Amino acid sequence: KQEVTQIPAALSVPEGENLVLNCSFTDSAIYNLQWFRQDPGKGLTSLLLIQSSQREQTSGRLNASLDKSSGRSTLYIAASQPGDSATYLCAVRNNYGQNFVFGPGTRLSVLP
Amino acid sequence: DAGVIQSPRHEVTEMGQEVTLRCKPISGHNSLFWYRQTMMRGLELLIYFNNNVPIDDSGMPEDRFSAKMPNASFSTLKIQPSEPRDSAVYFCASSLEAVNTEAFFGQGTRLTVV
């Protein structure tokens, strides 16, 4: 059974810092990994999708990497801003079952 | 496209009542997922449809929960009878049939059973 963990559970940084969020998964038999952002009381917004054959994806100040063999992904946020404050979730899509398995999330606070 | 649309956004009901949550996936998407989010358990898959057919319903907690997808543009999740422990945020998501595509989530329905 696929299990996804995220470290740290919470993170508070001053504005302008670069930061890294970590995601680990136990079964490397995945189609892809997707990073989401969730604001309080809101739905999930897709940030980046990395296919199993890819090593990284970039969108603006965000860069996500994937090391499938070691079961790890990182989300790098450059020059953090208060507007980046949210919970960040990673999800893997298994190549059996095909559903998404979510991690518990990292709650990020960027202080002005 | 307006994205995945869920209704209602909020629902408060009394224990024992029937609750129906609704979802309209993004047009052209063939896969639809229902998730439940709680503080204790995070996001849990309830059921997954592909081309309107339930593929994996192993996450449906018990017989009180049922889901249907009568056509490609509509799905319902029904709880009958509802219990206080069903209180959670229920999300619907959709994606293209091909597995290497993004999933897009609705805004969720916050259900409170009193």
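For the structure itself, consult the block above.
Every chain is numbered on its own, with residues counted from 1 as its sequence reads. The naming scheme follows written order: chains are lettered A onward, ligands numbered 1 onward. With the structure being a predicted model, the display of local features is reserved for residues of pLDDT at least 70 and the display and counting of side-chain atom pairs for 80 or more, all residues being used for whole-chain, interface and lining totals. Water and hydrogen atoms play no part in the side-chain values, which are based on all heavy atoms of the structure.

A. Molecular detail of the state of the cysteines. All names here are of chain B. A pair of cysteine sulfur atoms is labelled a disulfide when the two atoms are within 2.5 Å. Inspection of every chain in the model, using the stated rule, returns two disulfides over all chains. The disulfide partner of Cys 23 is Cys 92, and the S-S distance across this bridge is 1.9 Å. Its S-S torsion of about -65 degrees marks the bond between Cys 23 and Cys 92 as left-handed, since a negative value means left-handed. In this pair, Cys 23 sits in strand E3 (residues 19-24) while Cys 92 sits in strand E9 (residues 88-95), placing the two residues 69 residues apart along the sequence. Under the scheme used here, helices are H or I runs from DSSP no shorter than 4 residues and strands are E runs no shorter than 2 residues, and both carry numbers assigned from the N terminus.

B. Spatial organisation of the sheet that holds strand E8 (residues 74-79) of chain B. Residues and elements named next belong to chain B. A strand pair is defined by DSSP finding two or more bridges across the two strands. Spatially, four strands are ordered E1-E3-E8-E7 in an open sheet, and the strand pairing comes out antiparallel. The open sheet has two free edges, formed respectively by strand E1 (5-7) and strand E7 (65-71), since each of these has just one partner strand. The mean angle between the axes of side-by-side strands here comes to 15 degrees, regardless of whether they run parallel or antiparallel. Note that E7 and E8 share five bridges and pair antiparallel. Bridge assignment links Asn 71 to a residue of E8, and that residue is Phe 74. Fitting a line to C-alpha atoms yields each axis, with helices limited to the stretch in contact; the angle taken between N-to-C directions then spans 0 to 180 degrees.

C. Just the side chain of Ser 82 of chain B, in detail. Residue and element names in this part refer to chain B. Tracing the chain through its elements places Ser 82 in the loop between E8 and E9. We call a residue buried when its accessible area falls under 20% of the maximum for its residue type, exposed when it is over 50%, and partly exposed in between, using a 1.4 Å probe and counting protein chains only. Judged by its relative accessible area of 1%, Ser 82 falls in the buried class. In terms of polar contacts, Ser 82 uses its side chain to reach the backbone carbonyl oxygen of Glu 14, at 3.4 Å. For this analysis, a polar contact is any N or O atom pair within 3.5 Å, provided that within protein one partner can donate a hydrogen and the other can accept it, and provided that sequence-adjacent residues contribute only side-chain to side-chain pairs.

Bear in mind that shape data such as this cannot, by itself, settle questions of function.
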